[in-house]
Amino acid sequence: MATFLYKVGRLAFRRRHYVALLWIALLTLAGVGAASAPAAGASSFSVPGTEAQKAFDLLEQRFPGMSADGATARVVFKAPAGEKLDTGANKATVEKTVKDLGDGSEVVSVADPFKGKAVSKDGTIAYASVKYKVSGMELKDASKDALTDTAEQARKAGLTVEVGGDALTATPETGSTEIIGIAIAAVVLVITFGSLLAAGFPLLTALIGVGIGVSTITALASALDLGTTTSTLAMMIGLAVGIDYALFIVSRYRAELAEGREREDAAGRAVGTAGSAVVFAGLTVVIALVGLAVVNIPMLTKMGVAAAGTVAIAVLIALTMIPALLGYAGKKIKPTGQKSKLLGGGRAKSAEKSARPNMGTRWASFVVRRPLAVLLLGVIGLGAAAIPAASLELGLPDDGSQPTSTTQRRAYDLLSEGFGPGFNGPLMVVVDAKDSKTPKADVTTVTDKIKALKDVTTVTPASFNKDGDTATITVVPDSKPSSVTTEDLVHGIRDAGAQVKADTDSSVLVTGTTAMNIDVSQKLNDALIPYLILVVGLAFLLLIVVFRSVLVPLKAALGFLLSVMAALGAVVAVFQWGWLSGLMGVEETGPVMSMMPIFMVGVVFGLAMDYEVFLVTRIREAHVHGEKPSQSIVTGFRHSARVVTAAAVIMIAVFSGFISSSESMIKMIGFGLAIAVFFDAFVVRMAIVPAVLALLGKRAWWLPKWLNRILPSVDVEGEGLRELDSRDSDPDEDRELVRA
């Protein structure tokens, strides 16, 4: 592989005009596609295989006009102090508001609170339920504006009016810290390279890669039902890895120049060595992201595949456009250790300063001398950070997790005040009596069994479809939607339904937002272990091929588990316990999103293997070239510690930029990935990895002979390049590359 990529690098260096035009053309094509594509909101949410989803699908068949997955809104009214809603002007205002709410073209129905008994016992709080034809993601802005304008008119009449429900689903917004994250990345690159031009290359190529990836997602969003969260995630990961991959290749190019190589040859060798590491690092990220498909949640699958595509683009750009840009830069890119004149280059260094080992060398030497102490300190520290993960509570966000400044949260609180906390999470029980001879009797039996359960406040009379073979029953729990008590009630209703099924021919299904959240959490929990086995197993095999070792990949996997558990602990501490919540902009604490653990496992594993591959391939390269194990660790850190540190700081800065997002999911993902990269890069890879390698010595590179014979040779260390000299390539090399 190193020899092939060496030729790719030299070809891109020489044919830089064609390479640059190709990527600019792709960016333009993707941009035109995005600009001309129809707009798409957040992707629809479905969870195949769950009882809640089966119930939704059944309702679509048996109640065709019901729009089971259509958006809903609850317009909540509260009378002024000392007054009631069912008298005088207050009642007239509510009735006029209900009439105005029904005028929209996408509105299916509006329930009058006075006719539907939707008024609190003290008469001070009431609500009007609005049902729409389409989901909240598909609802037109005009319908949302009409909803908020109608509520505002009622407020002007003297009532307190708030709007809850998924009809006000908004496109997430990221704050200015996203730009700040990119600015920090630029500063780190300038410090690392000592050159504005060299620092600009990783940023430029990363932005081009993300531009192509996100524009492609936008162009396909409507056709493939890709939402705004999908493109945000692709941008987050694509930007981070794009900068990192380019950083490693530019850094290796400067190191090759420092060894006296010609620029074209240096570009080829940089792509052949660091580029090989980029390919395998990118593969681990792609495996981890595409592997999210095993969870069988379409939204999560689409997010993973889209982000994986952006990562693949980042790899291709790093391998081709970076050497092309290096060709354009010529002598303006200085060898390692030299700075541009603008940043203080050209000054003579003292002999003492020139001979002094760099920070990476000093740190690695310290770890090699005290490996056991460093290992224990790192493991204990990460273990302590992981302790909060033992209290992890999972759930999906609802209006109760919104900031108190939002109308959705205020509507949620008003409903809890007037009707009880469980009113915000009603359960819909669907009775399928199509095969029953006595459907009405079966539904009555189900209703009686539900009324006998604990934590039930209200059970509404059953509502049958036109054929009389399917009924819906609304159950209001006594506790809030995210509580364990409500979850127990859902399981209790399903147990009672199983007994009804055994005694009759009717099936009982529980659905609704609360039941769906419970099912999603369970589905994600069940998928976590198979996902770990698949992703970690495939990456483990890949790393065995890369490192020609069994213990090094095993150490990499165990180190990853430490960092991801510590990161989950930090997420629990901030978003569930409220530690530093003000600093992070978390206005409301609550359960961690159900998909967070499995998502973090996938993404963090891929990113963790980036640093593992970049760092350990440099160590192995020194070992393969004859150095002793301890010396190879020091050599590897001398060449790569500075760059890995810079890459980690850049990735942390980019991810941290998404913490200011208005979308709680993006905010939590941004924080979780940023803290996970910090733990993995600075504790696991920079401390635990060299400590373990020092303790293992030569045994770290042990591989059974039979396995060594059957494994393909990928030559990530660039051993095959030692046979090449630094002279210019033959004129026929382009044709050789095509044949290769």
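Residues numbered from 1 in each chain as written. Predicted model: local features only at pLDDT ≥ 70, side-chain atom pairs only at ≥ 80, totals over all residues. Heavy atoms only, no water.

A. Region of interest: the environment of Ala324. If you trace the backbone, Ala324 turns up in helix α10 (residues 298-329). In this structure, the C-alpha to C-alpha distance between Ala324 and Arg16, residues 308 residues apart in sequence, is 4.3 Å. Aside from chain neighbours lying at most four places away, what touches Ala324 is Ala12, Phe13, Arg16 and Val19. (Helix = DSSP H or I, 4+ residues; strand = E, 2+ residues; numbered from the N terminus. Contact = heavy atoms within 4.5 Å.)

B. Representation of empty space enclosed by the protein within the structure. Scanning the entire structure with this criterion turns up two cavities of 30 Å³ or more. Within this model, the largest cavity holds a volume of roughly 50 Å³. In this structure, the largest cavity is lined by Thr205, Ala206, Gly209, Val210, Gly238, Gly242, Ala246, Thr310, Ala314, Ile317 and Ala318. Taken as a whole, the second largest cavity spans an internal volume of roughly 40 Å³. Surrounding the second largest cavity, Pro629, Ser632, Ile633, Leu693, Gly697, Ala700 and Trp701 form its lining. A per-element tally of the lining of the second largest cavity places helix α21 (residues 629-656) first, with three residues. Class assignment of the residues belonging to the lining of the second largest cavity gives a composition of five nonpolar, two polar and no charged. (1 Å grid on protein atoms, 1.4 Å probe; cavity = no way out; pocket = protein on both sides within 12 Å on 5 of 7 lines; lining within 4 Å. Points joined across faces, edges and corners; volume = space filled by probe spheres on them. Nonpolar A, V, L, I, M, F, W, Y, C, P; charged D, E, K, R; others polar.)

C. Layout of the packing of aromatic side chains. Evaluated as defined, the whole model comprises eight aromatic pairs. With centroids separated by 4.7 Å and ring planes inclined at 25°, the aromatic side chains of Phe419 and Phe423 adopt a geometry described as stacked. For Phe423, a relative accessible area of 10% corresponds to the buried category. Between Phe678 and Phe682 the ring centres are 5.6 Å apart and the planes differ by 50°, which places this aromatic pair in the tilted class. Separated by four residues within a single helix, Phe678 and Phe682 lie in helix α22 (residues 664-696), roughly one turn from each other. On the accessibility criterion, Phe682 (27% relative accessible area) is partly exposed. Grouping aromatic residues by their ring pairs yields a cluster made of Tyr127, Phe419 and Phe423. (Phe/Tyr/Trp six-rings, centres within 6.5 Å; stacked < 30°, edge-to-face > 60°. Buried < 20%, exposed > 50% of the residue type's maximum accessible area, 1.4 Å probe, protein only.)

D. Summary view of the pairing of strand β6 (residues 427-432). Of all six residues in β6, five are buried, a share of seventy percent or more. In the sheet, β6 pairs with strand β9 (residues 470-477) via six bridges, with the strands oriented antiparallel. Its bridge partner being in β9, Met428 is matched across the sheet by Thr474. Judged from the five bridges that link them, β6 and strand β10 (residues 507-511) form a sheet pairing that is antiparallel. The residue of β10 that forms the bridge with Asp432 is Ser507. (Pairing = 2+ DSSP bridges.)

E. Fine view of the sheet that holds strand β1 (residues 72-78). Overall, antiparallel pairing links the four strands, which are arranged β2-β3-β1-β4 in an open sheet. In this open sheet, the two strands that pair with only one neighbour each are β2 (107-111) and β4 (160-164). Shown here is a sheet whose adjacent strand axes are inclined to one another by a mean of 20°, direction ignored. Here five bridges tie β1 to β4, and the two strands are oriented antiparallel to one another. When the sheet's bridge partners are listed, Phe77 is paired in β4 with Val161. Across the sheet, helix α5 (residues 141-156) is in contact with β1, β3 (125-132) and β4; its angle to β4 comes to roughly 160°. Against the sheet, helix α14 (residues 407-419) contacts β1, β3 and β4, and its axis sits at roughly 110° relative to β4. (Axes fitted to C-alpha atoms, helices over the stretch in contact; angles between N-to-C directions.)

F. Quick peek at the packing of helix α16 (residues 484-503) against helix α17 (residues 513-547). In the contact formed by α16 and α17, the axes pass within 10 Å of each other and the chain directions differ by 90°. When the axis of α16 is compared with that of α17, the two are roughly perpendicular. Along its contact with α16, which presents Thr486, Glu487, Val490, His491 and Arg494, the element α17 presents Thr514, Ala515, Ile518 and Asp519. Among the residues making up the contact of α16 with α17, the classes are represented as three nonpolar, three polar and three charged. (Parallel < 35°, antiparallel > 145°, perpendicular 65-115°, else oblique.)

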